[in-house]
Amino acid sequence: MPIQRIYLVGFMGAGKSTVGRELALKLRWPFVDLDNEIERSEGLSVREIFDKFGEPRFRELERHHLGELSKRDRGVMALGGGTYMEKDNRKVIEETGIAVWLDVTFSQIQERVRPDGSRPLLSDIERAKRLYAERRSVYALAPIRIVTDARLPNEIAEDIIQRVAKL
Ligand code: S3P
């Protein structure tokens, strides 16, 4: 059975949404961004959900919406930076498609991501650096790792297509 769903995982600022859009265009598959799905259904931004209800509630919503996405016929799904950290989420991903880790250096993240407050877990840079280090071993569980540094989204998307085709 050919792969029907590609889940992009990786730290905040790895380019999951940008690359995901390119990839979906190339494959002529629908593109979905998990954070956007949550924001749309709740009528609140991620920041507001964290502020009003706390991170555990956000994780609950994330789990729920991932479950919904995984039932779609096919698609490229850009997940949040923390989605792949949950064992249950990894199970859903593994059972319904393939995880692709977009691996980016922390310095690239710092260059790319604006400190506009939209990502609560990036507001304290030292804490974010620790989180980045802690999470790497979990992202590494993804069957495909793509090093994204300084490459164009278009090239990365091509690379993903080739890697997935070889599976
Ligand atoms: C998070 C990443 C964010 C968003 C939320 C939590 C994380 O998504 O889901 O702020 O835990 O790394 P992006 O990776 O799309 O920024």
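Right, let's walk through the structure included here. The structure displayed is predicted, hence computed values, not measured ones.

### Regarding the overall build of the protein chain
Across its full length, the protein chain holds 8 helices and 5 strands. Along the protein chain, helices and strands appear, N-terminal first, in the series β-α-β-α-α-α-β-α-β-α-α-β-α. A globule of 167 residues ought to have a C-alpha radius of gyration of about 15 Å, and the protein chain, at 15 Å, matches this closely. With respect to the three principal axes, the spread of C-alpha positions in the protein chain is 40 × 35 × 25 Å. Burial status across the protein chain gives 45% buried among its 167 residues. Within the protein chain, contacts between residues at least 6 apart in sequence are counted, and of these 74% link residues at least 24 apart.

### Here we look at the nonpolar core
Among the nonpolar cores identified, the biggest contains 49 residues, and Leu8, Leu102 and Ile160 are the most heavily contacted of them. No other element matches the 5 residues that strand β4 (residues 98-103) contributes to this core.

### Regarding the site of the ligand
With respect to spatial proximity, 13 residues lie near the ligand, and among them Lys16, Asp35, Arg59, Arg119 and Arg135 are the closest. Side-chain polar atom of arginine 59 to an oxygen atom of the ligand: 2.6 Å apart, as the coordinates give it. The separation between an oxygen atom of the ligand and a polar side-chain atom of arginine 119 is 2.6 Å. For the ligand, the accessible surface in isolation is 390 Å², of which the surrounding protein chains cover 95%. A breakdown of the residues in the shell around the ligand according to their chemical character gives 5 nonpolar, 3 polar and 5 charged.

### Quick notes on helix α7 (residues 125-139)
An ideal rise of 1.5 Å per residue puts 21 Å on 15 residues; α7 measures up with 20 Å between its terminal C-alpha atoms. By the burial criterion, the buried members of α7 are Ala128, Tyr132, Arg135, Val138 and Tyr139. Taking the backbone nitrogen of glutamate 126 as reference, a side-chain oxygen 3.1 Å away marks aspartate 124 as the first, capping residue of α7.

### A short note on the pairing of strand β5 (residues 144-147)
Only one face of β5 is covered, namely the face carrying Ile144 and Ile146; the face carrying Arg145 and Val147 is uncovered. Relative to β5, β4 runs parallel, the two being bridged by 4 bridges. Paired with tryptophan 101 across the two strands is arginine 145, which belongs to β5.

### A look at the side chain of arginine 90
With respect to the helices, strands and loops of the structure, arginine 90 is situated in helix α5 (residues 87-96). Of the side chains with opposite charge, glutamate 94 lies nearest to the buried arginine 90, which makes no salt bridge, at 6.9 Å. Here arginine 90 is in contact with Tyr84, Met85, Val138 and Leu141, once residues within four sequence places are set aside.

### Focus on the pairing of β4
Across the 6 residues of β4, 6 count as buried, placing the element largely inside the fold. A two-sided burial pattern is seen for β4, the buried positions comprising Ile98, Val100 and Leu102 on one face and Ala99, Trp101 and Asp103 on the other. Where strand β1 (residues 5-9) and β4 come together, 4 bridges link them in parallel fashion. Along β4, the bridge assignment pairs tyrosine 7 with alanine 99.

Rules behind the numbers
- Residues numbered from 1 in each chain as written.
- Predicted model: local features only at pLDDT ≥ 70, side-chain atom pairs only at ≥ 80, totals over all residues.
- Heavy atoms only, no water.
- Helix = DSSP H or I, 4+ residues; strand = E, 2+ residues; numbered from the N terminus.
- Rg over C-alpha atoms; globule rule 2.2 N^0.38 Å.
- Buried < 20%, exposed > 50% of the residue type's maximum accessible area, 1.4 Å probe, protein only.
- Contact = heavy atoms within 4.5 Å.
- Core = buried A, V, L, I, M, F, W, Y, C linked by side-chain atoms within 4.5 Å.
- Near = heavy atom within 4 Å.
- Polar contact = N/O pair within 3.5 Å; in protein donor to acceptor, adjacent residues only side chain to side chain.
- Areas by Shrake-Rupley, 256 points an atom, 1.4 Å probe, with all protein chains shown as cover.
- Nonpolar A, V, L, I, M, F, W, Y, C, P; charged D, E, K, R; others polar.
- Expected span 1.5 Å × (residues − 1).
- Pairing = 2+ DSSP bridges.
- Lys, Arg positive; Asp, Glu negative; His and termini not counted.
- Salt bridge = Lys/Arg side-chain N within 4 Å of Asp/Glu carboxyl O.

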